[in-house]
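# Results of the structural survey
Okay, here's what each chain looks like letter by letter:
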4 protein chains.
Amino acid sequence: MDGSISACPDPGALARAVGASMFERDRASRSLGMRLIDIDPGGATMEMAVREDMLNGHGTCQGGFIFALADSAFAFACNSYNRNTVASGCAIDYLAPAFVGERLTAHAREVSRAGRTGVYDITVSNQKGAKIAVFRGRSYEIKGAVTDTSDQA
Amino acid sequence: MDGSISACPDPGALARAVGASMFERDRASRSLGMRLIDIDPGGATMEMAVREDMLNGHGTCQGGFIFALADSAFAFACNSYNRNTVASGCAIDYLAPAFVGERLTAHAREVSRAGRTGVYDITVSNQKGAKIAVFRGRSYEIKGAVTDTSDQA
Amino acid sequence: MDGSISACPDPGALARAVGASMFERDRASRSLGMRLIDIDPGGATMEMAVREDMLNGHGTCQGGFIFALADSAFAFACNSYNRNTVASGCAIDYLAPAFVGERLTAHAREVSRAGRTGVYDITVSNQKGAKIAVFRGRSYEIKGAVTDTSDQA
Amino acid sequence: MDGSISACPDPGALARAVGASMFERDRASRSLGMRLIDIDPGGATMEMAVREDMLNGHGTCQGGFIFALADSAFAFACNSYNRNTVASGCAIDYLAPAFVGERLTAHAREVSRAGRTGVYDITVSNQKGAKIAVFRGRSYEIKGAVTDTSDQA
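Now for a look at the structure at hand. (Residues numbered from 1 in each chain as written. Chains lettered and ligands numbered in written order. Predicted model: local features only at pLDDT ≥ 70, side-chain atom pairs only at ≥ 80, totals over all residues.)

What chain A contains, in helices and strands, is 3 helices and 6 strands. Going residue by residue from the N terminus, the α and β elements of chain A occur as α-α-β-β-α-β-β-β-β. Relative to the compact-globule value of 15 Å for 153 residues, chain A shows a C-alpha radius of gyration of 16 Å, a close match. Overall size of chain A, expressed as C-alpha extent along the three principal axes, is 55 × 30 × 25 Å. Out of the 153 residues belonging to chain A, those deemed buried represent 48%. At a minimum sequence separation of 6, the contacts of chain A that also span at least 24 residues come to 69%. (Helix = DSSP H or I, 4+ residues; strand = E, 2+ residues; numbered from the N terminus. Rg over C-alpha atoms; globule rule 2.2 N^0.38 Å. Buried ≥ 20, exposed ≤ 12 C-beta atoms within 10 Å, placed from the backbone. Contact = placed C-beta atoms within 7 Å.)

In C-alpha cells form, the structure reads like this:
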C-alpha cells in the first residue's frame, strides 16, 4: 500500500505519468516549442505556436511542422496505456494554412484498439477553432513499458 | 549573352537552381543534417544520418524524422519546375526500423502531374539498400515562382 | 411561388432531392443492396447487409464491399449541395471483420470544404455499434449540377 | 514422387495455383468482367473493361470500380504465397478519368513483406498506358492456406 502507480493503477494517473516521462525525453517536440496540455487513456492534446523559422517560402507554416505536432499528439495518445507503441503508418490532409504567431492545438483520440494495433484520429486547429489539418495514425504495440511505475511511491 | 536561366531554360539547370535556392532557406532540413544529393525535373534525392537525438525510447529513429526526410525530398521534387507548390496531403508507411549512425536516402519521383496537382512517390532506404519507409505525397501548385531566374546572369 | 427547390432553396430539401436522383441512377449501390437512410448538407447515412456472395475465403466480408458502402456514403455526402463532385482519393482502415447477415451502416460527415475541395470522414459500424472500418475521402467539385431543380414544382 | 505442388514447391507454380483457385471463387471480380492476366510471387496483373453500368453521372468510370480492380490485383498479389492474407487498409489516388470501352490494367507489385505484414503498390493504367490511379495496400497474414496443394498430383 505504497501509493505507487502500479499498486493503484488509475488509468488517468498512469497516462499522466507516461506523458510526463515521454515529454521529458522528447527533445524534438520540446525544441519545436510543443506543450503537452492533456493526456488520458487513448487521448492527448498538444499545442505549438507557429514560429518564424517554421515558415516556408510562401509565408505559411511548412506542412512538416504541422505533421510533427499531430504526430506527437498521436504518440502520446497511443502510448498512454504505458505499453511501448510505435507508428506503423499515418496520413495527413492539410485543410487550411497556418500563419506565424498562431497557436495550433492537436487533439488526438482513439478510434479503435484491438490486439496490438490501434487507429487514432488527430485534428489540428488554430486558436480560432479553424481546422488546419486532419491526421490518421495506425499504431503497433511492441514489447516493454514506457515508464517504470514500480518505484513511484 | 547573359547566361541567365530564364534565357536558357534548361529544365535540369532550372531544377538545380530551384534546389539551391530552396535548400539555402530551408533551416529545418539543414538543422536535421539533410543533404540535397540530386534534383531534376520531378525528382529529388536527399540524405540524412540518424543521430542520437532522433531516437525514441525504443532506441530506433522516431518516425517523425523519417517522415521529415521523405517530406523534404517530396518538396524539392514537386517544386523543381520553379512553380510554387505545396503539399495537400501525404501518407507514410513504416517498413523497418532505422538505427543510430545509419545513413538514410529518400528518393522522390513524380508519379503524375496534371493541371495544378501532382502525386509523388518517395522511398526511404538505408545505406544497405533496405527499405525503411514509403511515402506518397499529393501536391498543389499555387502562385509564384520558387526562385527569381531573371537576374542570374 | 411554385414551391420548386430552386425557388425555395432549403438546403435539407435540396440534399434529399439530390440523394433521390443519385440513388435512382446508382445501379452499383442498389445491386449491392444498399439503402440511403439519410442525407443532409455535407452528410449521408447508408446501410448494407452482408450477403453470402460478399464473403471471402475466410468467411468474412471482403474488404471491397465495405469500401463500396463507405465510398457510396461519401459520394452522397459530397454531392449533397447539388454540385457535381468526384473523389480525388481516399483511404480506408479495416478495424474488425464483418460477418454474413450483419447490417452495416456507413455514416459520412464533412470535415472540411473550401473552394472546390473537401474532406469527408466515414465510419462503418455493424448493428451492435462496433466499428468495422474508417474511411477518409477527398472530394473535388467539377462543373454542373447533380440534379435539375428547376422543374420540381 | 507425386508431382504435387507441395512436393515440388515451385513458387511460380504455387502462385498460379493460388490465382486459379481464388479467381474461381471470386464472384465479385468475375461479375465485373475482370480477368487475371498474370500472377507470380508477390505480383499480379488484372484487366477490366469499363462498361456502361460503371459510369457515374459525369460519364466517367465511377471510382469504386477502379478501386475494385486495384483491390483485386492487390488481393491476388498478397495471397500468392498460398498463405491466407487480408487487407488491413489501403489508399487510392485518382489521377485521370477512365471512359467507357477503355481497357484498364492493374499491375500489383510487392514493396515490402516482413513477418505477417506487407505493403503492395498497384498502378491502374488504360490501354494507352496512361496512369488512371495509384493504390497502396497493407496486408496482414492470417491462419491457413488459400488452396490445398496436397492433392494436385
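So, about the interface of chain B and chain A. Taken together, the contact pairs 24 residues of chain B with 24 residues of chain A. If you list the elements that add at least two residues to the side of chain B that touches chain A, you get α2 (27-31), α3 (63-78) and β3 (85-94) of chain B. Among the elements that make up the side of chain B that touches chain A, the one with the highest residue count is β3 of chain B (9 residues). Across the side of chain B that touches chain A, the residue classes break down as 11 nonpolar, 8 polar and 5 charged. Pairing between strand β3 (residues 85-94) of chain A and β3 of chain B: 5 bridges, direction antiparallel. (Nonpolar A, V, L, I, M, F, W, Y, C, P; charged D, E, K, R; others polar. Pairing = 2+ DSSP bridges.)

Okay, the environment of Ala 114 of chain D next. Following the sequence through the fold, Ala 114 of chain D ends up in strand β4 (residues 103-114). Residues contacting Ala 114 of chain D, with those up to four places away along its chain left out, are Leu 95 and Ala 96 of chain B.

A separate point is the relation of the copies chain B and chain A. Superposition of chain B onto chain A requires a rotation of 180° combined with a translation of 0.0 Å along the rotation axis, giving an RMSD of 0.0 Å. Between the two chains, the operation in question is that of a two-fold axis. Considering only C-alpha atoms, the residue of chain B closest to the rotation axis is Ala 91 of chain B, which sits at 2.0 Å. (Least-squares fit on C-alpha atoms with pLDDT ≥ 70 in both.)

The next subject is the relation of the copies chain D and chain B. Overlaying chain D on chain B yields an RMSD of 0.0 Å, the required transformation being a rotation through 180° with an accompanying axial translation of 0.0 Å. An overlap of 100% is found between the interface residues of chain D and their copies at the interface of chain B, pointing to a shared contact surface.

We now examine the environment of Val 111 of chain C. As for its position among the elements, Val 111 of chain C is in strand β4 (residues 103-114). Each C-alpha atom of the pair Val 111 of chain C and Ile 122 of chain C lies 9.9 Å from the other, and the pair is 11 residues apart in sequence. Val 111 of chain C has contacts with Lys 131 and Val 134 of chain A together with Val 119, Tyr 120 and Asp 121 of chain C, leaving out every residue within four places of it along the chain.

Right, let's talk about the interface of chain D and chain B for a bit. Counting from both sides, the interface comprises 12 residues of chain D and, opposite them, 12 residues of chain B. Per-element accounting of the side of chain D that touches chain B gives the leading share, 4 residues, to strand β6 (residues 131-141) of chain D. For the side of chain D that touches chain B, the residue count by class is 7 nonpolar, 1 polar and 4 charged.

To continue, consider helix α3 (residues 63-78) of chain D. For α3 of chain D, built from 16 residues, the straight-helix expectation of 22 Å at 1.5 Å per residue is met to within 8% by its first-to-last C-alpha distance of 22 Å. With 16 of 16 residues buried, α3 of chain D is to be regarded as a mostly interior element. (Expected span 1.5 Å × (residues − 1).)

Turning our attention to the sheet that holds strand β2 (residues 43-49) of chain A. The strand order β1(A)-β2(A)-β4(A)-β5(A)-β6(A)-β3(A)-β3(B)-β6(B)-β5(B)-β4(B)-β2(B)-β1(B) describes an open sheet built from 12 strands, whose pairing is antiparallel. If you trace the sheet from one side to the other, it starts and ends with β1 (35-40) of chain A together with β1 (35-40) of chain B, each paired once. The mean angle between the axes of side-by-side strands here comes to 20°, regardless of whether they run parallel or antiparallel. Across 9 bridges, the pairing between β3 of chain B and strand β6 (residues 131-141) of chain B is antiparallel. Opposite Ala 87 of chain B, over in β6 of chain B, you have Ser 139 of chain B as the bridge partner. (Axes fitted to C-alpha atoms, helices over the stretch in contact; angles between N-to-C directions.)

The next thing to look at is the packing of helix α3 (residues 63-78) of chain C against α3 of chain D. With their axes 10 Å apart at the nearest point, α3 of chain C and α3 of chain D run at an angle of 160° to one another. One element, α3 of chain C, and the other, α3 of chain D, form an angle in the roughly antiparallel class. Relative to α3 of chain D, α3 of chain C is oriented so that their crossing is right-handed. Of the residues in α3 of chain D, those touching α3 of chain C at Gly 63, Gly 64, Phe 67, Ala 68 and Asp 71 of chain C are Gly 63, Gly 64, Phe 67, Ala 68 and Asp 71 of chain D. Looking at the contact of α3 of chain C with α3 of chain D residue by residue, the classes come out as 4 nonpolar, 4 polar and 2 charged. (Parallel < 35°, antiparallel > 145°, perpendicular 65-115°, else oblique. Left-handed = near helix turned anticlockwise from the far one by under 90°.)

As a further point, take the pairing of strand β2 (residues 43-49) of chain B. Residue and element names in this part refer to chain B. Burial along β2 is one-sided: the residues Ala 44, Met 46 and Met 48 are buried and none of Gly 43, Thr 45, Glu 47 and Ala 49 is. Sheet topology places β1 next to β2; 5 bridges connect them, and they run antiparallel. Counted as the bridge partner of Asp 40 is Gly 43 from β2. If you look at the hairpin formed by β1 and β2, you'll find 2 residues sitting between the two strands, and Gly 42 has a positive phi there, around 90°. When β2 meets strand β4 (residues 103-114), the two strands line up antiparallel, connected through 7 bridges. Each residue of the ladder has a partner; that of Ala 44, found in β4, is Ala 108.

This part covers the pairing of strand β5 (residues 117-125) of chain C. All names here are of chain C. Looking at chain direction, β4 and β5 are connected through 9 bridges and run antiparallel. Bridged to Glu 110 within β5 is Tyr 120. Between β4 and the antiparallel strand that follows it, β5, lie 2 residues; Gly 115 among them carries a positive phi value of about 60°. If you look at the hairpin formed by β5 and strand β6 (residues 131-141), you'll find 5 residues sitting between the two strands, and Gly 129 has a positive phi there, around 90°.

This part is about unusual backbone geometry. Even without being glycine, Asn 82 of chain A reaches a positive phi, approximately 65°. For Asn 82 of chain A, the position within the fold is in the loop between α3 (63-78) and β3.

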